[in-house]
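One letter stands for each residue in the lines below.
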Amino acid sequence: MYDIFGNMDSIEEINACALGLLQEGDTERIKELAKENGIPEFFAQDMIEGRSKELTDNLNAAMGKLDIEAVGYKNNQIPVEPILDYLKSQCTDEHFAACVRRRTKSVKNCMKLIEDNCKKIQKDTGKHYVADMTVFEWARDYFLEA
């Protein structure tokens, strides 16, 4: 994950990198950049073929980051998929999508926060269940925090 180009903080960084690669004629690396960031290959192809001046937008960059980072996450008690589905639905908001893209935020740390909160509730109340919307709000708030 992020082994070639690194974890980029914004679409501006991603698009500037892609533009530099395009100016150098390095189309294969544009495709690698897209893949590393979870951006569909057809976006890279559109840029390479001149149909787009940018590789990505906030929505696709954020959703791509969530997809890429979720690949390595495993937990038998807290499934990541419903949380990611909720977070992706929130990415239609430009501000939220930009917050997800920040390099200081990650799916791993978001899920760690959720796990810790669940354990605290279990310890404090004895309950083994937390409502889905509560978990979704924790995830959303994690990405919105500065």
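The structure this text deals with has already been given above.
Presented here is an overview of the structure given in this document. (Residues numbered from 1 in each chain as written. Predicted model: local features only at pLDDT ≥ 70, side-chain atom pairs only at ≥ 80, totals over all residues. Heavy atoms only, no water.)

**Let's talk about the packing of helix H1 (residues 11–23) against helix H2 (residues 27–36)**
Between H1 and H2, whose axes approach to 8 Å, the crossing angle comes to 160°. Taken as axis vectors, H1 and H2 run roughly antiparallel relative to one another. Our pair here, H1 against H2, has a crossing hand that is right-handed. For the pair formed by H1 and H2, the contact residues are Ile14, Cys17, Ala18, Leu21 and Leu22 on the first element and Arg29, Ile30 and Leu33 on the second. (Axes fitted to C-alpha atoms, helices over the stretch in contact; angles between N-to-C directions. Helix = DSSP H or I, 4+ residues; strand = E, 2+ residues; numbered from the N terminus. Parallel < 35°, antiparallel > 145°, perpendicular 65-115°, else oblique. Left-handed = near helix turned anticlockwise from the far one by under 90°. Contact = heavy atoms within 4.5 Å.)

**Digging into the pattern of salt bridges**
Counted under the stated rule, the structure contains 11 salt bridges. For Arg103, the salt bridge is made with Glu13, and the minimal N-O distance between the two is 2.9 Å. Residue Arg103 is found in the loop between helix H6 (94–101) and helix H7 (107–125), and its partner Glu13 is found in helix H1; the two are separated by 90 residues along the sequence. Among the ionic pairs, Lys120 bridges to Asp124, the shortest N-O distance being 2.6 Å. Pair noted here: Lys120 and Asp124 are both in helix H7, with a separation of four residues, about one helical turn. Residue Lys120 is classed as exposed on the basis of its relative accessible area, which comes to 52%. Because the salt bridges share partners, they merge into one network encompassing Asp26, Arg29 and Glu32. (Salt bridge = Lys/Arg side-chain N within 4 Å of Asp/Glu carboxyl O. Buried < 20%, exposed > 50% of the residue type's maximum accessible area, 1.4 Å probe, protein only.)

**Details of helix H3 (residues 41–48)**
If you check which residues of H3 are buried, you get Phe43, Ala44 and Met47. Projection of H3 onto a plane perpendicular to its axis shows the buried side chains occupying an angular sector of 100°, all on one side. Projecting away from the buried face of H3 at angles above 90 degrees are the exposed residues Glu41 and Phe42. Looking at the residues trailing H3, positive phi occurs at Gly50, about 80°. (Arc of directions from axis to C-beta.)

**Focus: the side chain of Arg102**
Mapped onto the elements, Arg102 comes out in the loop between H6 and H7. The side chain of Arg102 is buried and forms no salt bridge, while Asp9, the nearest opposite charge, is found at 6.2 Å. Those residues in contact with Arg102 that sit more than four places away from it in its chain are Asp9, Lys65, Phe143, Leu144, Glu145 and Ala146. (Lys, Arg positive; Asp, Glu negative; His and termini not counted.)

**Considerations on the environment of Asp46**
As for its placement among the helices and strands, Asp46 is situated in helix H3. What Asp46 contacts, discounting residues up to four positions off in sequence, is Arg51 and Ser52.

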